[in-house]
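Given next are the chains, with one letter for each unit.
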Amino acid sequence: MSTQTKNRNLKSIDANSPTVRKMNFEGLENLPDHYIANNSFMTHTVNAYHILFPEGERFFIKSVKAFADQVKDPGLSSRVKSFIGQEVQHGKEHEKILEILKGQGRPITLMEKVYKWTAFDFFLPVFEFFFGKKLKLAVTAGLEHYTASMAEISIRNNFHDDAYGEMRSLLLWHACEEIEHKSVAYDVLQTVSKSHFLRIMGFIVASFMFWGYALSLQHWFLLTDKKVGFRKYFQDMKSARKIGRILYPQLFSAALLYFKKDFHPDQTGGYELANAALITI
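Keep in mind that what you see is a predicted model, and the values were worked out from it rather than measured. All residue numbers refer to position in the chain's written sequence, counted from 1. With pLDDT at 70 or above as the cut-off, local features in this predicted model cover only qualifying residues; side-chain atom pairs require 80 or more to be listed or tallied, and sums for whole chains, interfaces and linings still use all residues. Processing note: side-chain calculations cover all non-hydrogen atoms of the structure and skip hydrogens and water entirely.

## Quick notes on the packing of aromatic side chains
Here is step 1: Geometry of aromatic contacts follows a simple scheme: Phe, Tyr and Trp rings, the Trp one being its six-membered ring, pair when their centres are within 6.5 Å, and the pair is stacked under 30 degrees between planes, edge-to-face over 60, tilted otherwise. In total, this model carries 25 aromatic pairs according to the counting rule given.
Here is step 2: With a centroid separation of 5.8 Å and an interplanar angle of 25 degrees, the aromatic rings of Tyr 49 and Phe 53 are classed as stacked. Residue Tyr 49 and its partner Phe 53 are both found in helix α1 (residues 40-65); the two are separated by four residues, about one turn of the helix.
Here is step 3: Residue Tyr 49 is classed as buried on the basis of its relative accessible area, which comes to 13%.
Here is step 4: Ring geometry for Tyr 146 and Trp 211: centres 6.2 Å apart, planes at 85 degrees, overall edge-to-face. Taken together, the residues Tyr 146 in helix α4 (residues 134-156) and Trp 211 in helix α7 (residues 196-223) connect sequence positions 65 residues apart. The numbering of helices and of strands both runs from the N terminus, where a helix is a DSSP run of H or I of at least 4 residues and a strand a run of E of at least 2. Buried residues are those whose accessible area, probed at 1.4 Å on protein chains only, stays under 20% of the maximum for their type, while exposed residues exceed 50% and partly exposed ones sit between those limits.

Structure follows, in structure tokens:
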């Protein structure tokens, strides 16, 4: 796959002052059915995230904004505003991809309805009832740890380079910004509650959501893909294992870090890594 870049000269990554970068990714209207290394297994893994991100990021924004008035530190308050701006842009770009996937005949509308109802109208409200309003903020902080960790692993191992055309740039841009703002929701949570139990409870719920929806949506895409038969499914799954053997153990290790009492997202670094990746977009 070509890794040719457009050299957009984007403002560098700054965790202390995140930047809202408005992007314009071109040429994705002709997105191939299997746009990650012609592999259906890897492509539909990414397609699952295209479903998850827009509604998920709206949830992140609402969860953080609900406690923004309790943030008295001017620096964190400014980072919250940038966090919200970045998440809005992420949602917009992934929604554009969803329209393209609809054109490919994917059952996007039904997937979105099932995801939205089960996650945000049923699953999370039940947990909020038992653990209080701060639970959603704790879940957001936990999910942000997952997305940032996955971003760092993907960039470090050049996973994005197998993506078709500007899809590489879109995924890489999103990954860089996930690293840039990875501590914002966590810091807001620590401002309103330093409860280790709440943080871990939120992360456990986040873990069920992250793995449950990613895997189930991936296979929903696979099972409804008319170009994926029994043989191709197992061929592509076997081919994808080389990435899985890197991604999943490292993601599991990153998840374990979250349980430490003195954990903070900044401890994992990744900012220089994101800066180096950003200039290739």
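## Remarks on the packing of helix α3 (residues 108-131) against α4
Here is step 1: Axis lines are fitted to C-alpha atoms, over the contacting stretch for helices. Their N-to-C directions set the angle, which ranges from 0 to 180 degrees. Close contact between α3 and α4 brings their axes to 8 Å; oriented N to C, the two are set at 120 degrees. Taken together, the axes of α3 and α4 are oblique relative to one another. Counted together, Leu 124, Phe 127, Glu 128 and Phe 131 of α3 and Leu 135, Lys 136 and Val 139 of α4 form the full contact between these two elements.
Here is step 2: Throughout, the ten residues Ala, Val, Leu, Ile, Met, Phe, Trp, Tyr, Cys and Pro are labelled nonpolar, Asp, Glu, Lys and Arg are labelled charged, and all others, Gly among them, are labelled polar. Considering only residue class, the contact of α3 with α4 consists of five nonpolar, no polar and two charged. Should an angle lie under 35 degrees it is considered roughly parallel, over 145 roughly antiparallel, and from 65 to 115 roughly perpendicular; all remaining angles are considered oblique. Residue contacts are counted whenever heavy atoms from the two residues lie within 4.5 Å of one another.

## Remarks on unusual backbone geometry
Here is step 1: Phi angles above zero are rare outside glycine, and Ala 37 is one such case at about 55 degrees.
Here is step 2: Note on placement: Ala 37 falls in the segment before α1.
Here is step 3: Take Ala 37: its relative accessible area is 34%, and that puts it in the partly exposed class.
Here is step 4: Positive phi, close to 55 degrees, is recorded for Asn 38, a residue that is not glycine.
Here is step 5: Mapped onto the secondary structure, Asn 38 falls in the segment before α1.
Here is step 6: On the accessibility criterion, Asn 38 (52% relative accessible area) is exposed.

## Details of the nonpolar core
Here is step 1: Put simply, buried Ala, Val, Leu, Ile, Met, Phe, Trp, Tyr and Cys residues joined by side-chain atoms within 4.5 Å make one nonpolar core. Core analysis: the biggest nonpolar cluster contains 92 residues, and Leu 28, Ile 51, Val 139, Met 167 and Val 188 have the highest contact counts within it.
Here is step 2: Examining the composition of this core, we find that 13 residues originate from one element, α7, more than from any other.
Here is step 3: Beyond its immediate chain neighbours, meaning those up to four positions away, Ile 51 contacts Leu 98, Ile 108, Met 111, Glu 112, Tyr 115, Leu 217 and Phe 221.

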